[in-house]
Amino acid sequence: MSHTLTPSPRQEIRRSSWWKRHQQQITPWLFLAPGLIFFTVYVIYPIFQSMAISLYEWDGLSPATYIGFANYVELMDDEEFYTSLWNNVRWLICFMLAVPLGLAIALFLNQTIFGIRLIKSLFFFPFVISQAVIGLIFTWFYEPNYGVIAPLLNMVGWDGWAILADEDYATYGIIFAGLYPQIAYCMILYLTGLNNISADQIEAGRMDGAKGWSLFWNIILPQLRPATFIAVVVTIIGALRSFDMIAIMTQGGPWGSTNVLAYFMFEQALSEYGYRMGYGSAIATILFAIMLVYITFFIYRMYRDEKRGL
Amino acid sequence: MFPTPIEKAAPATRFSYKIAVPIALVIWLIPLLGVMMTALRGPGDITAGNLWGIPSELMLATNFNDVFTNTPMWDFILNSFKITIPTMIGAVALSCMTGFALASYEFKGNLLLFFMFVAGNFIPFQILMIPVRDLTFQVGLYDTITGLVLFHVAFQTGFCTLFMRNFIRALPFELIEAARIDGASEFKIFWQIVLPLIRPAIAALCVLIFTFIWNDYFWATVLIQGQHAMPVTAGLKSLNGQWIAAYHLVSAGAIVAAIPPVLMFFIMQRHFIAGLTLGASKG
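Considerations on the nonpolar core
- Within the largest apolar cluster, 210 residues are counted, with the highest numbers of intra-cluster contacts made by Phe124(A), Leu128(B) and Trp219(B).
- When residues in this core are grouped by element, the largest group, 15 residues, is from helix α8 (residues 170-195) of chain A.
- Once residues within four sequence positions are removed from consideration, Leu128(B) is found in contact with Tyr42(A), Val43(A), Pro46(A), Ile47(A), Ser50(A), Ile123(B), Phe151(B), Phe155(B) and Trp219(B).

Looking at unusual backbone geometry
Residue and element names in this part refer to chain A.
- Phi at Gln251 is positive, roughly 50°, even though this residue is not glycine.
- With respect to the secondary-structure elements, Gln251 resides in the loop between α12 (244-249) and α13 (261-270).
- The partly exposed category is assigned to Gln251, whose relative accessible area is 39%.
- In this structure, Trp255 is a non-glycine residue whose phi angle is positive, near 50°.
- Mapped onto the fold, Trp255 is located in the loop between α12 and α13.

A look at the packing of aromatic side chains
- One pass over the structure, following the stated rule, counts 54 aromatic pairs over all chains.
- Between the aromatic rings of Phe265(B) and Phe272(B), the centroid separation amounts to 5.2 Å while the plane-to-plane angle is 75°, which identifies the pairing as edge-to-face. Phe272(B) matches Phe265(B) in its accessibility class, with the two residues each being buried.
- Taken together, the ring pairs connect Phe38(A), Tyr42(A), Phe243(A), Tyr263(A), Phe266(A), Phe125(B), Phe151(B), Phe155(B), Phe218(B) and Trp219(B) into an aromatic cluster.
- A cation over a ring is seen here: Arg241(A) above Phe125(B), with NZ or CZ 4.4 Å from the ring centre.
- Between Arg276(A) and the ring centre of Tyr279(A), over which it is positioned, the NZ or CZ distance is 4.2 Å.

Structural notes on a nonpolar patch on the surface
All names here are of chain B.
- Together, Phe15, Ile19, Ile23, Val26, Ile27, Ile30, Leu33, Met36 and Trp52 make up a nonpolar patch on the protein surface, roughly 830 Å² of accessible area in all.
- Elements that contribute at least two residues to the nonpolar patch include exactly α1 (11-28) and α2 (30-40).
- Looking at which element gives the most residues to the nonpolar patch, the answer is α1, with five residues.
- Along the polypeptide, Ile30 turns up in helix α2.

Conventions adopted
- Residues numbered from 1 in each chain as written.
- Chains lettered and ligands numbered in written order.
- Predicted model: local features only at pLDDT ≥ 70, side-chain atom pairs only at ≥ 80, totals over all residues.
- Heavy atoms only, no water.
- Core = buried A, V, L, I, M, F, W, Y, C linked by side-chain atoms within 4.5 Å.
- Buried < 20%, exposed > 50% of the residue type's maximum accessible area, 1.4 Å probe, protein only.
- Helix = DSSP H or I, 4+ residues; strand = E, 2+ residues; numbered from the N terminus.
- Contact = heavy atoms within 4.5 Å.
- Phe/Tyr/Trp six-rings, centres within 6.5 Å; stacked < 30°, edge-to-face > 60°.
- Lys NZ or Arg CZ within 6 Å of the ring centre and 35° of its normal.
- Patch = residues over 30% accessible without salt bridge, like charges linked within 9 Å, V, L, I, M, F, W, Y side chains within 5 Å.
- Areas by Shrake-Rupley, 256 points an atom, 1.4 Å probe, with all protein chains shown as cover.
- Salt bridge = Lys/Arg side-chain N within 4 Å of Asp/Glu carboxyl O.

Function cannot be inferred from these measures alone, as they are strictly geometric.
If you want it as structure tokens, here you go:
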């Protein structure tokens, strides 16, 4: 009976030649399939789902009610939304300091003295540690009674100043903590960049009498453009994604003054303040729209480089 | 080299540079040194405000012992490993395949798919939070390590694909061509030619993903509720609530949580930095 199941030699040839002919068209899809399925299910599709949910009133359990753009209309009148948005702007601006500061440290360390490799990696150290841990460390630092800066505050006569409980300054306290690992990240990008600058061009510049600042400005900085680009992109994304530090250090407080869109969304959708999935999704959609500007810019640049054949 | 090598400078400048570097390093590491010093102390020093002076008693062993015996710290650490290692393997394996497909075949939509992976990398987590949490609920994986790992694998595939695709793209394509002419099947090309060549990329991605996932806090709070599956970042946060003003314990806990990624970094430093600075030097 079995011989009817095995293909005749002729069939086999045909099949293998079909496979041979189409192998190159089919193989990439076979290789792509697992990753693509995962990525679509967990990343691409949920983006659209979130956008859809933002048009509903939904507590996550009972059936959702379609309410059109009511969530967005409500957001426009929500004081907390504007506070969060403004804090995001403050994060964006202050976080940008990481780029020049990282460059400064990189320039300072770009030497070949004994032990410099170890020193560079110790400077990079803060980036390897979890933001949650950095957040805990700085919370304690700022603590007005037992904290590390308490003696300093006493010296200048500001004893008992609790930065993280001060509505006006708490956000800066968190951003300062956030800058710590971000500066390390920018520094390492610039160290790599500096390492790859062509020595010829520097020599040529020096021959032409360029020195110090003018050499840096006219010859070094333009060559560091790829590093600067990446440093700026990761810093912007980092600033807009800031969540861990806020969740650890202040939970958005005092009185919502350190909220950012990412945390505000979480608070609305998943915390004891209520399970407002629709409202949370509307906030997430707005945050997504803001980030899409940068993503589009980044992708456009990559596309341009691809077309140039890089 | 820029700035001018310090060896060419005057002896005085050279000397002051060599002094300045360690001073700058100590200032830079003050937050971390503070934690290390505090983990040595007893509660007495902390209430007395003795944070930088000589510890009145050395309590390092007691503090660590306290952390491990009175809290589920071991479980948190173990959970972190159970989350991090499968994610690392999964995301790197998937992206070896996607990266190979996108780098070495011409087909319609290739660039579009590639950019989709790239873009997915940069989106805010919050836009995924509700649907992913819902999906994880529906398949019965909420509050489990598996549920968290599945999501991490999917998300990290984006970054890994970007990395792998560019890495494979930079390999000499003639190797693949030659193998094709010799009649090697496409799978054989992947397995016997490409995989051995991308070993450095695999190493770099493994360290990076290990660190990223170990340090994740957001998804651990969204997809995990109980201590039985909680990784060390979320665990530390929950312990922080119990340890009010017990900064010697907070410090010991923070050190424990930081050790694995720090070790990983120092052992695999070259790969780590190569991975992180991808693109920082390309013209």
